[in-house]
Amino acid sequence: MKVLEGVTVIDFTQAYSGPFCTMQLADFGARVIKIERRGLGDQSREWTPFKDGQSGYYAAINRNKEGVSLDINTEEGKEIIKRMVKDADIVVENFKVGTLDKMGLGYEELKKVNPEIIFASISGFGQNGPLKDLAAYDNVVQAMSGLMEMTGFPDDVPTKVGPAIGDNFTGLNMCFAILMAYFNKLNTGKGQRLDVAMMDAIFGILESPILFKTLLNEDSSRVGNSDVTLVPYDVYPCKDGYFSAGLPGEAGWDRFCAAIEMPELIEDPRLITNDLRCQHYAVVTPIITEFFLKKTKAELAEIFTSYKIPNAPVSTIPELIHHPQIAAREMLVEMVDPGVGKYLAINNPMKLDKTPAVMAFGAPLLGQDTEKVLKAFGYTDEQIKAFAEKEVI
Amino acid sequence: MKPLEGIKVVDFTQAHAGSLATMLLADFGAEVIKIERAGVGDMARYWVPMKGDDSAYYTYLNRGKKSIGLNASTDEGREIIFKLIEDADVLCENFKYGSMERMGLSYEEIKKINPNIIFASLNGFGQTGPMKNVIGLDLQMQAMSGFMDRTGFPDGPPTKAGPAMGDQLSGTYMATAIMLALISKKKTGEGQRIDIAILDSLFSILEAAPMTYCLKGEVPLRVGNSYPSISPYDTLKANDGYVSVGISTDRQWEKFCDALGMDDLKADERYKTNESRGDYYETGLKDALEAVTSKISKFEIERILREARLACGAVYTVSEAMESDQIKARNMLVTVEDKALGEVTIPGTAIKMSETPGGFNEGAPLLGEHTQHYLKELGYTDAQLKTLVENKIIEMA
């Protein structure tokens, strides 16, 4: 059984944050009806990589959903939405604040049709506050939240986290929120409004710099790949890329020195405790780097594992995709997508043994399921034909 | 009322990832009972920043939870746990693989007491696979998962995210998975096993890179602060820091040039289209833009571009972000009275729910603060408690 079987989601989301959220629901069996702009579709359909004119970006985050192409600016379009919402459990959107309200499809309007609808809104800055109307891109949120200041190397440019975590981490938080709201509805019968902001989601997980400021009034900035409180604990260049190794505490310096074939360092008065090593980061790091540069990732993994020192290669994407652990975890599933054809989908990382996620089908082509969905909501062939002629669908 | 009121969680998690998951559950009303090792407690109690012997890191992750100090490796300790679990909904742990088994607290053992328990595990590599025995520290997980390969500049090293993203992400997945299991249990009466790996979690948020490799056979290098399909989408030098901009259409480009008085760039044929701006970005356009922006302050640039309704944000230091009106309006910094630290301000709850709001109004528990409460509830007498303390089976605050 799929845990969210019977749950219907009307999904207005596009780009990344919203679709990432609704993908989690779809993976676990919810009926996610993706509403796309007639003719244009989700903006991510224009994002690389492409195959046969179809977007792989779009395909990767929209599997397991049904696609309806609709012009919600028309009266008929709005009526169709309301008809669907009447029987739905959840509405999800990530428009600019106020967009659906202006179209007459906001929470208050939709509550008239379905008083217990769960109405979930993802936005850059939230539904309230002085910045609520601001457009948000992932990099803008990473910048304003303080995340960018904390990532990258000291005396160098603040660095954006490569993958758009402003989007996907926020989407995941909204999924958690939706499930809590749905659980609450099962218990009380009541729906509600949900509001998750990218800014809040990212600011909320900065940890240390916030705590250092509030507890000790100390300012923090980025420290590269090391840790201010631990040495050695870093990423070092090696013969065929980069490799990370480190001691998570005071213990182990003797083993580390043996691993890098420098037993004479064990008793070096500058390096004998973690605190001293932190003070002499600039002394010890080049010594370690010199050793690493002579070895490959595989060699270093063997050495450090044999000395029981936590370690990992900095994997490239191809190395990761071919890694036996990823295979053992079934994290790659072959899918056939109507757009891009055969590809390896990234499986859902939430492993539940009785109600697992299912990679059932690929991402819908634009308008692929319009007819099927409208029929399921009681529209006749004639009505559907008329909608098409009037360019509503 | 909170959505998870009435849900009882027996919580073996410590450090970061697992504790984040149970923090989310506690923020929304679950009764989260931390089982901490008597005498030692959660390792996060020793994490900076500290005031005296107490950690703000620990307070941040463990606000609103309860604490029982217990030696779970003893028969008496296990007996207490089994009694606690009888009416629990969820058990959470983020130990090294095999630890719960070694303590006699495997899923199979727990199911004998409570057949419909939701047993949720989180660790570096999960409960299966050739690497299941390997401990996953945040740096190693960011490294191995491809996350670092994707972050940083093409001519620079792979870069770690400042915060422990592997922990944050996997913790959030664990809380989400627990919600799925609670919903499933509500419908079927059955519990189940949950298995979250930090590696899997980070792998799932690499955005387009794995798909690009699938479709193209190769992956482009990491791109620093820019974005391959949109130009300019980057972080530019200001005279007192940096500012991030996202100009995604040609019309926006014109407004951008107007706003910053860059008539020559606006007229330049090379920069008329998004595609050609992308082509010339690293070979002239970026330098031309920074020649202008590096003379203006970051907040001034932000103000100017916002007036033109263009997407942009200064690179705020964390302290500046904390001071922003938006963060205040969203209650993202909350001050509580913590029994160890006194008054302390910690990050708030990002998720806003209109009818069943989450949040917290107290700090984190002292080690063993609730031992007496729970054991008395289970029927232990004062005399029995005294003996258990003397034998170091339990710790009471």
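Note that the structure is predicted; figures quoted are calculated from it, not measured.

**Student:** I'd love a proper account of the domain arrangement of chain A, names of residues and values included.
**Tutor:** Partitioning chain A into domains gives domain 1 (8-205 + 331-389) and domain 2 (233-315). On a C-alpha basis, the centroid separation for the pair domain 1 of chain A and domain 2 of chain A is 44 Å.

**Student:** Hey, could you go over the sheet that holds strand 2 (residues 31-37) of chain A for me, with residue numbers and the actual values?
**Tutor:** Taking strand neighbours across the sheet as the criterion, the seven strands line up as 5(A)-2(A)-1(A)-6(A)-7(A)-8(A)-14(B) in an open arrangement whose pairing is mixed. Edge strands, defined here as strands with exactly one partner in the open sheet, are strand 5 (65-70) of chain A together with strand 14 (352-353) of chain B.

**Student:** Explain the sheet that holds strand 6 (residues 90-93) of chain B residue by residue, including any values.
**Tutor:** Spatial strand order, 14(A)-8(B)-7(B)-6(B)-1(B)-2(B)-5(B)-15(B): eight strands in an open sheet with mixed pairing. Each edge of the sheet is formed by a strand with only one pairing partner; in this case those strands are strand 14 (351-352) of chain A together with strand 15 (394-395) of chain B. Note that strand 2 (residues 31-37) of chain B and strand 5 (residues 66-70) of chain B share five bridges and pair parallel. Bridging across to strand 5 of chain B, B:Ile35 finds its partner in B:Ile68. Strands strand 1 (8-11), strand 2, strand 6 and strand 7 (118-123) of chain B of the sheet are contacted by helix 1 (residues 17-27) of chain B, whose axis makes an angle of about 150° with strand 2 of chain B. Sheet strands in contact with helix 3 (residues 75-85) of chain B are strand 1, strand 2, strand 5, strand 6 and strand 15 of chain B, and its direction is about 150° off that of strand 5 of chain B.

**Student:** Residues and numbers for the interface of chain A and chain B, please.
**Tutor:** Listed by partner, the interface residues are 137 residues for chain A and 138 residues for chain B. Counting the surface lost from both chain A and chain B, the interface buries some 11600 Å², and carbon and sulfur atoms represent 70% of this. Counting the contacts that link chain A with chain B gives five salt bridges. In this structure, B:Asp195 and A:Arg329 form a salt bridge, with 2.7 Å as the shortest nitrogen-oxygen distance. The tally of links between chain A and chain B comes to 53 residue pairs in polar contact (both at pLDDT 80 or more).

**Student:** Go over the packing of aromatic side chains, please, and point to the residues and values.
**Tutor:** As enumerated under the stated definition, the model contains 23 aromatic pairs over all chains in all. Residues B:Trp253 and B:Tyr271 carry aromatic rings whose centres are separated by 6.3 Å and whose planes lie at 80° to one another, so their mutual orientation is edge-to-face. Remark: B:Tyr271 occurs in the loop between helix 11 (263-267) and helix 12 (274-293) and B:Trp253 occurs in helix 10 (residues 250-259); sequence separation between them is 18 residues. According to the relative accessible area criterion, B:Trp253 is buried, its value standing at 2%. Connected via pairs of aromatic rings, a cluster forms that spans A:Tyr236, A:Phe243, A:Trp253, A:Phe256, A:Phe291, A:Phe292 and A:Phe304. Above the ring of A:Tyr58, the side-chain terminus of A:Arg45 is found at 3.9 Å from the ring centroid. For B:Arg45, the ring lying beneath its charged end belongs to B:Tyr58, and the centroid distance is 4.0 Å.

**Student:** Talk me through the domain arrangement of chain B; I want residue IDs and the actual numbers.
**Tutor:** What the domain assignment reports for chain B is domain 1 (8-205 + 327-395) and domain 2 (233-315). The centre of domain 1 of chain B, based on its C-alpha atoms, is set 45 Å off from the matching centre of domain 2 of chain B.

**Student:** Can you tell me about a nonpolar patch on the surface, naming the residues and giving the values?
**Tutor:** Taken together, B:Val40, B:Met43 and B:Tyr46 make up a surface patch of nonpolar side chains, about 270 Å² in accessible area. Structurally, the position occupied by B:Tyr46 is in the loop between strand 2 and strand 3 (50-51).

**Student:** Residues and numbers for the environment of A:Asp138, please.
**Tutor:** By the secondary structure assignment, A:Asp138 is in helix 6 (residues 138-145). Taking the relative accessible area as the measure of exposure, A:Asp138 reaches 4% and is therefore buried. A sequence separation of 121 residues divides A:Asp138 from A:Ser17, and the C-alpha atoms of the two residues are 9.3 Å apart. Sequence-distant contacts of A:Asp138, defined by excluding residues within four places in its chain, comprise A:Lys160, A:Ala164, A:Ile165, A:Gly166, A:Asp167, A:Met198 and B:Tyr233.

**Student:** Outline helix 9 (residues 209-216) of chain B, supporting the account with residue identities and numerical values.
**Tutor:** Most of helix 9 of chain B sits out of view: six of its eight residues are buried. Among the residues of helix 9 of chain B, B:Ala209, B:Pro210, B:Met211, B:Thr212, B:Tyr213 and B:Leu215 are the ones counted as buried. Where the residues of helix 9 of chain B are buried, they touch strand 3 (50-51), helix 2 (56-61), helix 14 (317-321) and strand 13 (341-346) of chain A together with helix 8 (198-203) of chain B. With its phi angle positive at about 80°, B:Gly217 sits one or two positions after the end of helix 9 of chain B.

**Student:** Could you give me a rundown of the pairing of strand 9 (residues 233-238) of chain B, with the residues and numbers involved?
**Tutor:** Moving residue by residue along a regular strand, the side chains alternate between the two faces of the sheet. Residue and element names in this part refer to chain B. Of all six residues making up strand 9, five are buried, and the element is well covered by its neighbours. Both strand 9 and strand 10 (residues 241-246) contribute to a ladder of six bridges, which runs antiparallel. Counterpart to Lys 237 in the pairing with strand 10 is Tyr 242. In this antiparallel pair of consecutive strands, strand 9 and strand 10, the connection spans two residues.

What counts, and at which threshold
Residues numbered from 1 in each chain as written. Chains lettered and ligands numbered in written order. Predicted model: local features only at pLDDT ≥ 70, side-chain atom pairs only at ≥ 80, totals over all residues. Heavy atoms only, no water. Domains from an automatic or database assignment. Pairing = 2+ DSSP bridges. Helix = DSSP H or I, 4+ residues; strand = E, 2+ residues; numbered from the N terminus. Contact = heavy atoms within 4.5 Å. Axes fitted to C-alpha atoms, helices over the stretch in contact; angles between N-to-C directions. Buried area = accessible area lost by both parts, 1.4 Å probe. Salt bridge = Lys/Arg side-chain N within 4 Å of Asp/Glu carboxyl O. Polar contact = N/O pair within 3.5 Å; in protein donor to acceptor, adjacent residues only side chain to side chain. Phe/Tyr/Trp six-rings, centres within 6.5 Å; stacked < 30°, edge-to-face > 60°. Buried < 20%, exposed > 50% of the residue type's maximum accessible area, 1.4 Å probe, protein only. Lys NZ or Arg CZ within 6 Å of the ring centre and 35° of its normal. Patch = residues over 30% accessible without salt bridge, like charges linked within 9 Å, V, L, I, M, F, W, Y side chains within 5 Å. Areas by Shrake-Rupley, 256 points an atom, 1.4 Å probe, with all protein chains shown as cover.

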